[in-house]
Amino acid sequence: MKTIEVDEELYRYIASHTQHIGESASDILRRMLKFTAGQTMPAAAPGAANSAAKPSVAVKNEVNPQNSVRAVRELLLSDEYAEQKKAVNRFMLILSTLYRIDPKAFAEATASLQGRTRVYFAGDQQTLVQNGTHTKPKHVPGTPYWVITNTNTGRKCSMIEHIMLSMQFPQELADKVCGTI
């Protein structure tokens, strides 16, 4: 995977065409450009950089606190979020969004998050099953993580709050998110 830099305005335009949480910038661009895997690229224009002809690119998204807050607020206002009838489904959508905003900070926040006898997050289902009974592990969409879901809503909220505060979100926003679960 190669990295390209785009200005904020272009990034917002690409991100505005997201169809589901966790969709990568490459997937969005492929859809917008009607470009499929294995398709041959047209020859580069004379004078164009050679790297522009390579098919695999990703949009570099520098983490901006204002954009992060906006992304969470947009999730809370989205139809997809509003349509979720179960707390566990809202919980999973929030986790997916937090991961998409900043995978590194999400990893750091979840690494230390565990209960007295349970591990809450892991890279595979088996780790969660081995560290607790009746954990009901689920894969967090768009991430390499699994999370236990057999916890009460209060515990889910405390997990979200811990992650959001570790990722430097304002306390007020964390409270608002937890109030919607």
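Here the structure is shown first, and the text comes after it.
Residues numbered from 1 in each chain as written. Predicted model: local features only at pLDDT ≥ 70, side-chain atom pairs only at ≥ 80, totals over all residues. Heavy atoms only, no water.

Caption draft 1: Spotlight on the side chain of Thr151. Mapped onto the fold, Thr151 is located in the loop between strand 5 (146–148) and helix 8 (153–166). Setting aside chain neighbours within four positions, we find Thr151 in contact with Arg118 and Lys156. (Helix = DSSP H or I, 4+ residues; strand = E, 2+ residues; numbered from the N terminus. Contact = heavy atoms within 4.5 Å.)

Caption draft 2: Region of interest: the sheet that holds strand 4 (residues 137–139). The strand order 3-5-4 describes an open sheet built from three strands, whose pairing is antiparallel. Of all strands in the sheet, those bounded by a partner on one side alone are strand 3 (121–122) and strand 4. Relative to strand 5, strand 4 is paired through three bridges, and the arrangement is antiparallel. When the bridges of strand 5 are listed, Pro137 appears paired with Ile148. Helix 5 (residues 87–101) rests against strand 3, strand 4 and strand 5 of the sheet, and its axis sits at about 145 degrees to strand 5. (Pairing = 2+ DSSP bridges. Axes fitted to C-alpha atoms, helices over the stretch in contact; angles between N-to-C directions.)

Caption draft 3: How the structure looks around the packing of aromatic side chains. This model, assessed by the stated rule, comprises four aromatic pairs. Aromatic pair Tyr99 and Tyr145: ring centres 6.0 Å apart, planes at 65 degrees, arrangement edge-to-face. Residue Tyr99 is found in helix 5, and its partner Tyr145 is found in the loop between strand 4 and strand 5; the two are separated by 46 residues along the sequence. Each member of the pair, Tyr99 together with Tyr145, is buried. Note on Phe106 and Phe121: the rings are 6.0 Å apart at their centroids and 90 degrees apart in plane angle, and the pair reads as edge-to-face. Placement of the pair is Phe106 in helix 6 (residues 103–111) and Phe121 in strand 3, with a sequence separation of 15 residues. On the basis of relative accessibility, which here comes to 0%, the residue Phe106 falls in the buried class. With relative accessibility at 7%, the residue Phe121 sits in the buried group. By the ring-pair criterion, three or more aromatic residues cluster together here, those being Tyr99, Phe106, Phe121 and Tyr145. Sitting over the face of the ring of Phe91, Lys156 holds its NZ or CZ atom 6.0 Å from the ring centroid. (Phe/Tyr/Trp six-rings, centres within 6.5 Å; stacked < 30°, edge-to-face > 60°. Buried < 20%, exposed > 50% of the residue type's maximum accessible area, 1.4 Å probe, protein only. Lys NZ or Arg CZ within 6 Å of the ring centre and 35° of its normal.)

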